[in-house]
Amino acid sequence: MSRLSIMAYIFGGLFFLISLSFSIFYGYKVTTHDFPLETETLEKYNYHFVLIPEELDNDYWRLVEKGARAAAKEYDVLLEYAGPKQANIEEHLKTIEMSTAAKVDGIITQGLSDEQFTPLINRVVERIPVITIDTDAANSNRMAYIGTDNYYSGYLAGKALIADTNGIANVAIITGSFYANHQQLRVKGFQDAVKLEKGIKIVAVEESDISRVRAAEKAYQIVKEHPEVNAFYGTSALDGIGIAQVSDKYLKPNQVYIIGFDALPETLEYIRQGVIDASVVQEPFEMGYGAVKMMIDLNEGKSVMPIVHTNTRIMRAGDVLKNQLDYAEEQH
Ligand code: BGC
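What counts and how
- Residues numbered from 1 in each chain as written.
- Predicted model: local features only at pLDDT ≥ 70, side-chain atom pairs only at ≥ 80, totals over all residues.
- Heavy atoms only, no water.
- Helix = DSSP H or I, 4+ residues; strand = E, 2+ residues; numbered from the N terminus.
- Buried < 20%, exposed > 50% of the residue type's maximum accessible area, 1.4 Å probe, protein only.
- Contact = heavy atoms within 4.5 Å.
- Areas by Shrake-Rupley, 256 points an atom, 1.4 Å probe, with all protein chains shown as cover.
- Right-handed = clockwise from strand over helix to strand, strands pointing away.
- Pairing = 2+ DSSP bridges.
- Axes fitted to C-alpha atoms, helices over the stretch in contact; angles between N-to-C directions.
- Salt bridge = Lys/Arg side-chain N within 4 Å of Asp/Glu carboxyl O.
- Near = heavy atom within 4 Å.
- Polar contact = N/O pair within 3.5 Å; in protein donor to acceptor, adjacent residues only side chain to side chain.
- Nonpolar A, V, L, I, M, F, W, Y, C, P; charged D, E, K, R; others polar.
- Expected span 1.5 Å × (residues − 1).

Student: How do you make sense of the overall build of the protein chain when you look at a structure like this?
Tutor: Scanning the protein chain for helices and strands turns up 12 helices and 12 strands. Counting all 332 residues of the protein chain, 49% fall into the buried class. In the protein chain, of all internal contacts separated by at least 6 residues, the share reaching a separation of at least 24 is 73%. Surface summary for the protein chain: the accessible area is close to 17000 Å², and the carbon and sulfur share equals 56%.

Take a look at the structure:
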């Protein structure tokens, strides 16, 4: 062998080793950057749980996170909040897979659809406890569900709309997603509640992809295509806000009745201004807090209730004011 080819072999080998170590290092980084598994970090905690929502930067989910973090702090749990920045099923499922691979002690997530989530949850739960939160995959083997009774919450919305419109309205529904279990239940509960009311007609049902902008676009399109619509029902936290923006900007005051979901600051402000008439209020903080406590119990071999329904109620302008007064009183 010539000296030249020996040199080529040596350089080739070196190059191979260097690139191998780079790919191992970065491969490791990529798959674990969300999950700090250094033993030193973990040793300080009793457990390591992951909370995986459908959308990280969503004000509603930040409240769930807040509740989960409060319980995590109280009970020395390392809690990670991971998932898609903006709603994205593939990323959501991937985060569940990654958390499973990282061998966390518990996964708290939504059971968005039976088709995609149930088989995955069933696979994961063989190794790690899974609790569904906010949205149940009732047909899966998840160990427990904590959150709103979504059918009942839709039913409440329907009854509130009947009461507030004296049973006469042409309704358009804007729902977060057609395929998600909880959104379907919120629509179904509503439909069942108004079913026997002859004066209530559901004229259109559109999807917002849980985006405020998309909800506004859909609301705008509906008022153009169906001028007879005089009531809206938004079934996820940002839908009512998107509808309210359209009503505020393009419609006459009180031209449409609006009932939405949740009590985010923007929703409360629109209720105060009389743009949103009512909202179905959930308990996101309680869900997060309760889920972490349940997950600790499961890890300690204790039994937990398979279904824990958090509170749901209707809020109108009077209640917003009352809430403020109660809050002011608490501060003194
Ligand atoms: C729902 C959440 C959803 C959020 C979207 C809430 O009403 O309970 O599941 O992600 O709205 O903004």
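What follows picks up the thread again.
Student: It is not clear to me how the pairing of strand 10 (residues 278-281) should be interpreted in this structure. Could you clarify?
Tutor: Each regular strand displays side chains that alternate between the two surfaces of the sheet. Residues A278 and V280 point to one face of strand 10 and S279 and V281 to the other, with burial holding for every one of them. One crossover worth recording links strand 9 (residues 257-261) to the parallel strand 10 by way of helix 10 (residues 265-273), and it is right-handed.

Student: Would you take a moment to explain the side chain of T118 for this structure?
Tutor: Within the fold, T118 resides in helix 5 (residues 114-124). Those residues in contact with T118, other than ones at most four positions away along the chain, are S113, A137, N139 and S140.

Student: I keep staring at the pairing of strand 9 and nothing clicks. Help me out?
Tutor: Most of strand 9 is tucked away: 5 of the 5 residues are buried. Residue alternation in strand 9 divides its side chains into two sets, Y257, I259 and F261 and I258 and G260, and both sets are buried. Pairing of strand 8 (residues 231-234) with strand 9 involves 3 bridges; the strand directions are parallel. If you follow Y233 over to strand 9, its bridge partner there is I259. As for the winding sense of the linkage, the β-α-β connection from strand 8 through helix 9 (residues 239-250) to strand 9 is right-handed.

Student: Honestly, the sheet that holds strand 3 (residues 106-109) in this entry has me stumped. Any pointers?
Tutor: Sheets are built from strands that pair by backbone hydrogen bonding, the pairs being arranged parallel or antiparallel. One open sheet accounts for 6 strands, arranged 2-1-3-4-5-11; its pairing is parallel. Taken across any chain shown, the strands that pair with only one partner, and hence form the sheet edges, are strand 2 (77-81) and strand 11 (307-309). Put simply, the sheet's adjacent strands are angled 20° from each other on average, direction ignored. Bridge count for strand 1 (residues 47-52) against strand 3 is 4 bridges, and the pairing is parallel. The residue of strand 3 that forms the bridge with V50 is I107.

Student: Even after reading the chapter, I still don't get the pattern of salt bridges, so can you show me in this structure?
Tutor: Opposite charge on two side chains lets them pair, provided their charged atoms get close. If you walk through the whole model with that rule in mind, you get 16 salt bridges. Salt-bridge contacts for E97 lead to R123; the nearest nitrogen and oxygen are separated by 3.5 Å. Here R123 lies in helix 5 and E97 lies in helix 4 (residues 89-101), a separation of 26 residues in the sequence. With relative accessibility at 37%, the residue E97 sits in the partly exposed group. Between E269 and R272 there is a salt bridge; the shortest N-O distance is 2.7 Å. Here E269 pairs with R272, and both are found in helix 10, just 3 residues apart, close to one helical turn. Assessed through its relative accessible area of 34%, E269 is described here as partly exposed. Owing to a relative accessible area of 39%, R272 belongs among the partly exposed residues under this scheme. Each of the salt bridges in this network shares a partner with another, and the network as a whole consists of D57, R62, E65, R69 and K85.

Student: Sorry if this is basic, but what is going on with the site of the ligand here?
Tutor: Surrounding the ligand, one finds 14 residues, the nearest of these being E54, W61, D134, H182 and D262. W61 is positioned with one of its side-chain polar atoms (N or O) 2.8 Å from an oxygen atom of the ligand. Notes on the ligand: free accessible area 310 Å², of which the protein chains cover 100%. Within the residue set of the shell around the ligand, elements represented by two or more residues are helix 3 (59-74) and helix 7 (181-194). When the residues that make up the shell around the ligand are grouped by side-chain class, the tally is 5 nonpolar, 5 polar and 4 charged.

Student: Even after reading the chapter, I still don't get the side chain of K218, so can you show me in this structure?
Tutor: Among the structural elements, K218 can be located in helix 8 (residues 212-225). Residues within four places of K218 in sequence aside, it is in contact with I174, E206 and E207.

Student: In this structure, what is going on with helix 4? I would like to understand it.
Tutor: Since one α-helical turn is 3.6 residues long, residues separated by three or four positions face the same way. For helix 4, which comprises 13 residues, the first-to-last C-alpha distance of 19 Å matches the rise-based estimate of 18 Å (1.5 Å per residue) to within 8%. The set of residues buried in helix 4 consists of I89, H92, L93, T95, I96, M98, S99 and T100. Where helix 4 begins, the side chain of N88 points an oxygen toward the backbone nitrogen of E90, at a separation of 3.0 Å. Taken from the residues just after helix 4, K103 is the one with a positive phi, measuring 55°.

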